[in-house]
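Inside the fold
So you can see what is in the structure, the chains are spelled out below.
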Amino acid sequence: MPSWEQIDAVPGWFSFQSFCVWRAFLDEQAGVTGDLFEIGVWKGRSASMLASYRKGDEKLFLCDRRLDESVIRNSIRTVGAEPKNVEFVEAFSIELPGRLDLKAMHHTVRWCHIDGEHTGTAVYRELELANRIVAPPGILVIDDFFSPRYPANTTEVVRYLEKNPHHFRLLAVGFNKAYLCRPESLPRYMDFLATGMARSMKKYGWKATIYKTTGPWDMDAVGMDEFIDAAGFQVGPDDDPHHWHMIRSRHVWSPWRHVREFVKRTLGG
Ligand SMILES: C[S@@+](CC[C@H](N)C(=O)[O-])C[C@H]1O[C@@H](n2cnc3c(N)ncnc32)[C@H](O)[C@@H]1O
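Residues numbered from 1 in each chain as written. Predicted model: local features only at pLDDT ≥ 70, side-chain atom pairs only at ≥ 80, totals over all residues.

Digging into the site of the ligand
The environment of the ligand is formed by 18 residues, the closest being G12, G40, R45, S46 and E117. Each residue belonging to the shell around the ligand can be placed in one class, and the counts come to 7 nonpolar, 5 polar and 6 charged. (Near = placed C-beta within 6 Å. Nonpolar A, V, L, I, M, F, W, Y, C, P; charged D, E, K, R; others polar.)

Here it is as structure tokens:
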């Protein structure tokens, strides 16, 4: 697997914090089989991460309106991976439904990264495409979420989620990206965020504070941000006396959750 130094040597925008978050989630997907997909490749920085995690017959789809295949293949090699089973699709994302075999790709993708045009129109249509291809245990990553440079990128993701509550749910937000999953996979990934994420990111050199500032009566999503000593690795819900009775009944971060998860992992259940 690539080190941060290897990824950082490839030009692009993918940050160290996202490197740690991706490694943690992609490690968690070790038992999941499915293709990997990216819109917005540039010189292949984040794509090199995905190429490193591609296993067996899985395919890596790299889509960009402008693709330099030899540069991207070279980037993948420099991080120690082989550019095998890579499908390059040079097209505007809006053209992808007409360029891909969507019947064959139906719900086959376990990791989908959207990092292209960032306009509202484009991201909404990219989400429609993602709904066709992302598998039930898949993770969908949206770049520049909450970025003040691209307000429509955020408002249109939220609009899509509101209009299609059974397609994707917001799982986490952190370090400029949103992480979405299928509603049925939310409990699995929430358990991971509550019990394994902080440890896994730390393994790759990044200490983050994971915020669960509210309860499931509001929303499930967690936030990830710079590590704060006073808060520790995980913090939440925020003190709000009005909701204490709810917190007691379903405390996502309770120690029992950790014990149960540990037993489940140890016994392989
Ligand atoms: C920020 S860069 C991607 C960064 C890359 N993921 C990395 O790790 O460095 C955005 C890319 O999106 C591509 N792009 C912009 N608009 C697009 C569109 N409508 N369809 C497909 N690709 C697009 C650009 O050509 C550019 O390569």
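Here the narrative resumes, following the displayed structure.
Things to note about the confidence of the model for the protein
The share of residues in the protein with pLDDT of 70 or more is 92%, and the mean pLDDT across the chain is 91. This model gives residues 246-250 a pLDDT under 50, and the stretch forms 6 contacts once residues within four places in sequence are excluded. (pLDDT = per-residue confidence, 0-100. Contact = placed C-beta atoms within 7 Å.)

Remarks on the sheet that holds strand β9 (residues 222-226)
If you walk across this open sheet you meet the 10 strands as β3-β2-β1-β4-β5-β7-β6-β9-β8-β10, and the pairing is mixed. Both edges of this open sheet fall to β3 (86-90) and β10 (234-235), since each of them pairs with a single strand only. In the sheet, strand β8 (residues 208-211) pairs with β10 via 2 bridges, with the strands oriented parallel. Of the residues in β10, the one forming a bridge with I210 is Q234. Against the sheet, helix α8 (residues 186-195) engages β6 (169-174), β7 (177-181), β8 and β9, with an angle of about 25° to β6. (Pairing = 2+ DSSP bridges. Helix = DSSP H or I, 4+ residues; strand = E, 2+ residues; numbered from the N terminus. Axes fitted to C-alpha atoms, helices over the stretch in contact; angles between N-to-C directions.)

Observations concerning helix α6 (residues 120-133)
Three- or four-residue spacings in an α-helix give side chains the same orientation, since the helix completes a turn every 3.6 residues. An ideal rise of 1.5 Å per residue puts 20 Å on 14 residues; α6 measures up with 20 Å between its terminal C-alpha atoms. All of the buried residues in α6 are A122, V123, E126, L127, L129, A130 and I133. On an axial view of α6, the arc spanned by its buried residues comes to 165°, and they lie on one face. (Expected span 1.5 Å × (residues − 1). Buried ≥ 20, exposed ≤ 12 C-beta atoms within 10 Å, placed from the backbone. Arc of directions from axis to C-beta.)

Details of the packing of helix α3 (residues 45-53) against helix α4 (residues 69-78)
Relative orientation and spacing of two packed helices are given, respectively, by the angle between their axes and the distance between those axes. Interhelical geometry of α3 versus α4 gives an angle of 55° and a closest axis separation of 9 Å. One element, α3, and the other, α4, form an angle in the oblique class. As α3 packs across α4, the resulting crossing turns out to be right-handed. For the pair α3 and α4, the contacting residues are R45, A47, S48 and A51 in the first and I72, S75 and I76 in the second. Considered class by class, the residues forming the contact of α3 with α4 number 4 nonpolar, 2 polar and 1 charged. (Parallel < 35°, antiparallel > 145°, perpendicular 65-115°, else oblique. Left-handed = near helix turned anticlockwise from the far one by under 90°.)

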